Amino acid sequence: MPGTYPRIWRFALSLTGDRAGADDLAQAVAMRALENADKFQPGSSLDAWLFTMTRRVWLNEKRAERIRGAGAIGGADLSDLPAPDLDTETNILARQVLSQVMALPEAQRSTVLLVYVEGYKYSEAAEILDIPIGTIMSRLASARKKLQSATQESETRSNG
């Protein structure tokens, strides 16, 4: 799971919207995966199993928060996310893109992350999120429109 943990953490960030929540969720999933290792089906995708587990743990937490009356999810802290091996301009662009992605509704955020960042096929993302493939396509189309609109607004502000 060492190479998979950063990917689970990114997915957790897309669900929770903040670093602390992503840390807690990724750690909870790691513990659950270790506790339930005997339930993993050899020959199946470990990543898909872990992403599905991440989503289920997060949904359970959201239900528990609703019952307890917890507050809203905060914004993502993007300060620690740039890659040190990339140049400054690339890091600035990556921060801007990530900021726009994190502003998407949770359903679109998690779908964008699975398909565009993690590289899952639509059918695989649909299985992980337990939704129809048509919903994946719809969420991605809506996310693309929102991101394009946000990019155009940003360019208009910087040029005008």
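Structural data are supplied above this passage.
Quick look at the structure, then. (Residues numbered from 1 in each chain as written. Predicted model: local features only at pLDDT ≥ 70, side-chain atom pairs only at ≥ 80, totals over all residues. Heavy atoms only, no water.)

### What about the overall build of the chain?
Part 1 of the reasoning: Scanning the chain for helices and strands turns up 7 helices and 0 strands.
Part 2 of the reasoning: Counted from the first residue to the last, the chain has its helices and strands arranged as α-α-α-α-α-α-α.
Part 3 of the reasoning: Considering only contacts within the chain whose residues lie at least 6 apart along the sequence, 62% involve residues at least 24 apart.
Part 4 of the reasoning: Entry remark: accessible area of the chain is about 9,700 Å², with carbon and sulfur atoms responsible for 53%. (Helix = DSSP H or I, 4+ residues; strand = E, 2+ residues; numbered from the N terminus. Contact = heavy atoms within 4.5 Å. Areas by Shrake-Rupley, 256 points an atom, 1.4 Å probe, with all protein chains shown as cover.)

### Some remarks on unusual backbone geometry
Part 1 of the reasoning: We note that Asp 130 has phi near 60 degrees; this positive angle belongs to a residue other than glycine.
Part 2 of the reasoning: By the secondary structure assignment, Asp 130 is in the loop between helix H6 (122-129) and helix H7 (133-159).

### Let's talk about a nonpolar patch on the surface
Part 1 of the reasoning: On the surface, Tyr 116, Val 117, Tyr 122, Ile 133 and Met 137 cluster together to form a nonpolar patch covering roughly 450 Å² of accessible area.
Part 2 of the reasoning: Turning to its location among the elements, Met 137 is positioned in helix H7.
Part 3 of the reasoning: Note on Met 137: relative accessible area 42%, which makes it partly exposed. (Patch = residues over 30% accessible without salt bridge, like charges linked within 9 Å, V, L, I, M, F, W, Y side chains within 5 Å. Salt bridge = Lys/Arg side-chain N within 4 Å of Asp/Glu carboxyl O. Buried < 20%, exposed > 50% of the residue type's maximum accessible area, 1.4 Å probe, protein only.)

### Thoughts on the pattern of salt bridges
Part 1 of the reasoning: Tallied over the full model, the rule gives 3 salt bridges.
Part 2 of the reasoning: With a shortest N-O distance of 2.3 Å, Asp 47 and Arg 7 are connected by a salt bridge. Of this pair, Asp 47 sits in helix H3 (residues 46-68) while Arg 7 sits in helix H1 (residues 5-16), and the two are 40 residues apart along the sequence.
Part 3 of the reasoning: In this structure, Arg 10 engages Glu 118 in a salt bridge whose closest nitrogen and oxygen atoms are separated by 2.9 Å. Highlighted residues: Arg 10 in helix H1 and Glu 118 in the loop between helix H5 (106-117) and H6, separated in sequence by 108 residues.
Part 4 of the reasoning: Classification of Arg 10 by relative accessible area gives partly exposed; the value is 32%.

### Comments concerning the side chain of Glu 118
Part 1 of the reasoning: You can call Glu 118 buried: its relative accessible area is 12%.
Part 2 of the reasoning: Of the polar contacts made by the side chain of Glu 118, one reaches the side chain of Arg 10; its length is 2.9 Å.
Part 3 of the reasoning: Filtering out sequence-adjacent residues up to four positions away, Glu 118 remains in contact with Arg 7, Arg 10, Phe 51 and Leu 113. (Polar contact = N/O pair within 3.5 Å; in protein donor to acceptor, adjacent residues only side chain to side chain.)

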